[in-house]
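The chain contents come next:
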Amino acid sequence: MDWNQYRFRSLWALPAPASEVYRVLGRIEDYPLWWPQVREVTRLDDTSGRLRFRSFLPYDLTATLYEGRRDPAAGVLEVAIRGDMEGWARWTVAPRGAGTLARYDQEVEVRKPLLRRLAVPGRPLFRANHRLMMRAGRRGLAAYLEGGGQAV
């Protein structure tokens, strides 16, 4: 097992139509408006951007996201990730009742030297840190959608 590789999946039930959720998730430059742990986004061009984020643990991660797949009909947004972690992430958005189910899948290898050195003892904390970030993201996006796209 490579202790620096992670696979995550999160499911978010959201109170808005799938088309609206897809539109909001496709605008990474707006993530700091609703996701507290996404501290900064710098759009590099139409298909890439640099993000800085931090959850509960006292370290920032920086990564550049490159658009890989944007398929509104299938509800898929996928990016390649390079930087403090490398791999990919994918949102899959589908109608669910009166709202939407957004599924987030991510496979990455941590590249940040400090986190690599702490891979074995820190792994449970890193996974918990990610869960906290995702929980806050779901709450923030739900509030943003319920507020008509206003910052939370």
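Anyway, here's the lowdown on the structure attached to this text. (Residues numbered from 1 in each chain as written. Predicted model: local features only at pLDDT ≥ 70, side-chain atom pairs only at ≥ 80, totals over all residues. Heavy atoms only, no water.)

1. Observations regarding the nonpolar core
Rules: For our purposes a nonpolar core is just a set of buried Ala, Val, Leu, Ile, Met, Phe, Trp, Tyr and Cys residues, chained together by side-chain atoms within 4.5 Å. For every residue, the accessible area (1.4 Å probe, protein chains only) is compared with the maximum for its type, and the residue is labelled buried under 20%, exposed over 50%, or partly exposed between those bounds. By definition, any uninterrupted DSSP run of H or I lasting at least four residues is a helix, any uninterrupted run of E lasting at least two residues is a strand, and each is numbered from the N terminus. Contact between two residues is taken to exist if any of their heavy atoms lie within 4.5 Å; hydrogens are not considered.
By size, the foremost hydrophobic cluster in this structure holds 41 residues, and its most contacted members are Trp12, Leu25, Trp34, Trp35, Trp91 and Leu141. Considering every element that reaches this core, the biggest residue donor is helix α4 (residues 119-146), with seven residues. Contact partners of Trp35, with chain neighbours within four places excluded, come to Trp12, Trp91, Met133, Met134, Ala136 and Gly137.

2. Regarding the sheet that holds strand β2 (residues 38-45)
Rules: Pairing between strands is defined by DSSP: at least two bridges between the two strands are required. A fitted line through C-alpha atoms represents every axis, and for helices the fit uses only the stretch in contact; the resulting angles, taken between N-to-C directions, go from 0 to 180 degrees.
Pairing in this open sheet of seven strands is antiparallel, and the strands run β1-β7-β6-β5-β4-β3-β2 from one edge to the other. A single partner strand is all that each edge strand has here, and the edge strands are β1 (5-14) and β2. For this sheet the average axis-to-axis angle between neighbouring strands, irrespective of direction, equals 20 degrees. The pairing of β2 with strand β3 (residues 48-53) spans six bridges and is classified as antiparallel. The residue bridging Val38 from the neighbouring strand is Phe53, located in β3. Relative to the sheet, helix α1 (residues 18-25) contacts β1, β4 (61-71), β5 (76-83), β6 (85-96) and β7 (99-110), its axis offset from that of β6 by approximately 160 degrees.

3. Topic: the packing of aromatic side chains
Applied cut-off: Note on aromatic pairs: the rings of Phe, Tyr and Trp (six-membered ring only in Trp) are paired at centre separations within 6.5 Å, and the planes decide the class, stacked below 30 degrees, edge-to-face beyond 60, tilted for the rest.
What the rule picks out here adds up to nine aromatic pairs. Seen in terms of ring centroids, Trp12 and Trp34 are 6.5 Å apart; in terms of plane orientation they differ by 85 degrees. Their pairing is edge-to-face. Here Trp12, found in strand β1, pairs with Trp34, found in helix α2 (residues 31-34); they are 22 residues apart in sequence, far enough to count as distant. Assigned by exposure class, Trp12 and Trp34 land together as buried. Pairing Trp12 with Trp91 gives two aromatic rings, centres 4.8 Å apart and planes at 65 degrees, and the pair type is edge-to-face. Taken as a pair, Trp12 in strand β1 and Trp91 in strand β6 lie far apart in primary sequence, 79 residues in all. In terms of burial, Trp12 and Trp91 fall into one category: buried.

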